[in-house]
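Fold and geometry: a report
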Amino acid sequence: MSRLSRLSGAAARAFVPFYGPAIARHIADFSVLETRFSPLSWPRPDDRVWILSPHPDDESLGCGGLLARCAGANVPAKVAFFTGGDGTRTTQLALRFNPRFGGPYDLLSIAHERQVEARNAARALGLDESAIEFLGFPDGGMETIWKEGFSERDPFVSPFTAKMRVPYENARTPQAPFCRQSVLEAIVASLEEFKPTLVLTTPAFDTHRDHVAAFHFLQRALEMASLERKPDFWIYLIHHGIWPVPNGLHPDMRLVPPAHLVKHAAWQSLELSEGEIDAKRRALACHATQMASTPRYLNAFVRRNELFAPANV
């Protein structure tokens, strides 16, 4: 274990009496930092890569290196942003106290800014703006929509924006009601239009509710979509306790899953070049609203590799 890892682990242990199991699990994560996984040879020459990103920034966090490699290899790639990122109260609060941002601070305005950031991040990864699209569904509401269904006549109402329909005119389906059927139709349409060979999203064991919903919606949409070739379905982890460890920018370190998830999925590692690591770092820097609130967390994903696992194994 590296000196940095030993120091970080020692610091974490000091907080066990105060925070209990969460810190104990965090300490365990340091014990697996030297774990290695089989390397991935992605993308394949005939691949078409489609990513469902729960919010603007998740694509850069989990798949930035992969997207940069696709761009460099002229492999078609598409990112569909599941939500508008319009439920970020922590971001809203952080921006009010950050002199770099002059407002407005309402959540819809922040969501529009996050769209601009997503476009800039795509360019930093070498992608054309046509490689991204916004579905515009409600941040913080997707698991409820998945479970409850709702309908066009009785849609879900966002507790953050008070909207009940997609409020973004540049979305795939502007004014689509916030209900399960509308979400599935939007995802299916994007899949059928792009015809992917490889699809990726966050897993059902991610601890963010929108990320859990992304998995279930994509799984169902793949069953519904009319595709000549069934794409490979893989996952990438974003949220799971105090992770990745250690926090902060450590581009010379490797990304490994939380200790208790090492054997939970058939993880494989995409080894990144220096250029891909740099592109990922620049892409994350484009997500300035998120950097304003959680910079150490975002930078912790800038590592020598990215982790993926088959969704159905």
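The preceding data block contains the structure.
Below or above, wherever it landed, is the structure these notes cover. In this text, all values refer to a predicted model and were calculated from it rather than measured experimentally.

**Considering the layout of surface pockets**
There is about 430 Å³ of room inside the largest pocket. What lines the largest pocket is a set of 23 residues, and nearest its centre among them are Thr88, Thr90, His208, His239 and Gln290. For the lining of the largest pocket, the secondary structure elements donating two or more residues are helix H4 (58-72), helix H5 (89-96), helix H9 (209-224) and helix H12 (295-299). Here the lining of the largest pocket is built from residues that sort into four nonpolar, twelve polar and seven charged.

**Side note on the pairing of strand S5 (residues 198-201)**
With burial as the criterion, each face of S5 is covered, one bearing Leu198 and Leu200 and the other bearing Val199 and Thr201. Pairing of strand S2 (residues 49-53) with S5 involves three bridges; the strand directions are parallel. Counterpart to isoleucine 51 in the pairing with S5 is leucine 200. Taken together, S5, H9 and strand S6 (residues 232-235) constitute a β-α-β crossover, and its handedness is right-handed.

**Comments concerning the packing of aromatic side chains**
Scanning the model with the defined rule gives eleven aromatic pairs in all. With a centroid separation of 5.5 Å and an interplanar angle of 85 degrees, the aromatic rings of tyrosine 297 and phenylalanine 301 are classed as edge-to-face. For the pair tyrosine 297 and phenylalanine 301, a shared accessibility class is recorded, and that class is buried. Between the NZ or CZ atom of arginine 48 and the centre of the ring of phenylalanine 194, over which it lies, the distance is 4.3 Å. Taking the ring centre of tryptophan 146 as reference, the NZ or CZ of arginine 180 above it sits at 5.7 Å.

**Looking at helix H10 (residues 274-286)**
For H10, built from 13 residues, the straight-helix expectation of 18 Å at 1.5 Å per residue is met to within 8% by its first-to-last C-alpha distance of 19 Å. Listed as buried for H10 are Glu276, Ile277, Ala279, Lys280, Ala283 and Leu284. Looking straight down H10, one finds that the buried residues subtend no more than 160 degrees of arc, so they occupy a single side. On its buried face, H10 sits against H4, helix H6 (107-124), strand S7 (268-271), helix H11 (288-291), H12 and strand S8 (305-310).

**Points about the sheet that holds S2**
Here we have eight strands laid out as an open sheet, ordered S1-S7-S8-S6-S5-S2-S3-S4, and mixed in their pairing. The sheet terminates laterally at strand S1 (38-39) and strand S4 (132-137), the two strands that pair on one side only. Bridge count between S1 and S7: two bridges; the pairing is parallel. For proline 39, the partnering residue across the bridge sits in S7 and is serine 269. Set on the sheet, H4 makes contact with S2, strand S3 (77-83), S5, S7 and S8; between it and S8 the angle comes to about 100 degrees.

**Some thoughts on the pairing of S6**
Successive residues of a regular strand alternate their side chains across the two faces of the sheet. With four bridges connecting them, S5 and S6 associate as parallel partners. Bridge pairing in S6 links leucine 200 to tryptophan 234. One ladder, built from two bridges, connects S6 with S8; its direction is antiparallel. Residue pairing in the sheet places tryptophan 234 in a bridge with proline 310 of S8.

**Quick notes on the packing of H4 against H10**
Running from N to C, H4 and H10 cross one another at 130 degrees; their axes reach a closest spacing of 9 Å. Viewed along their axes, H4 and H10 adopt a mutual orientation that is oblique. The interaxial crossing formed by H4 with H10 has right-handed handedness. Across from Ser60, Leu61, Gly64, Gly65, Ala68 and Arg69 in H4, the residues of H10 making contact are Glu276, Ala279, Lys280, Ala283 and Leu284. Residues of the contact of H4 with H10, tallied by class, amount to five nonpolar, three polar and three charged.

**Notes on the pattern of salt bridges**
According to the stated counting rule, one finds 16 salt bridges in the structure shown. Among the salt bridges present, the one from arginine 119 reaches glutamate 129, with a minimum N-O distance of 3.3 Å. Taken as a pair, arginine 119 in helix H6 and glutamate 129 in the loop between H6 and S4 lie far apart in primary sequence, ten residues in all. Notably, a salt bridge pairs arginine 172 with glutamate 133, separated by 2.9 Å at the nearest N-O pair. Taken together, the positions of arginine 172 in the loop between helix H7 (142-148) and helix H8 (180-194) and glutamate 133 in strand S4 put the pair 39 residues apart, joining distant regions of the chain. The class of glutamate 133 is buried, set by a relative accessible area of 10%. Several salt bridges converge on common partners, so that one network encompasses Arg44, Asp47 and Asp232.

Definitions and cut-offs
- Residues numbered from 1 in each chain as written.
- Predicted model: local features only at pLDDT ≥ 70, side-chain atom pairs only at ≥ 80, totals over all residues.
- Heavy atoms only, no water.
- 1 Å grid on protein atoms, 1.4 Å probe; cavity = no way out; pocket = protein on both sides within 12 Å on 5 of 7 lines; lining within 4 Å.
- Points joined across faces, edges and corners; volume = space filled by probe spheres on them.
- Helix = DSSP H or I, 4+ residues; strand = E, 2+ residues; numbered from the N terminus.
- Nonpolar A, V, L, I, M, F, W, Y, C, P; charged D, E, K, R; others polar.
- Buried < 20%, exposed > 50% of the residue type's maximum accessible area, 1.4 Å probe, protein only.
- Pairing = 2+ DSSP bridges.
- Right-handed = clockwise from strand over helix to strand, strands pointing away.
- Phe/Tyr/Trp six-rings, centres within 6.5 Å; stacked < 30°, edge-to-face > 60°.
- Lys NZ or Arg CZ within 6 Å of the ring centre and 35° of its normal.
- Expected span 1.5 Å × (residues − 1).
- Arc of directions from axis to C-beta.
- Contact = heavy atoms within 4.5 Å.
- Axes fitted to C-alpha atoms, helices over the stretch in contact; angles between N-to-C directions.
- Parallel < 35°, antiparallel > 145°, perpendicular 65-115°, else oblique.
- Left-handed = near helix turned anticlockwise from the far one by under 90°.
- Salt bridge = Lys/Arg side-chain N within 4 Å of Asp/Glu carboxyl O.

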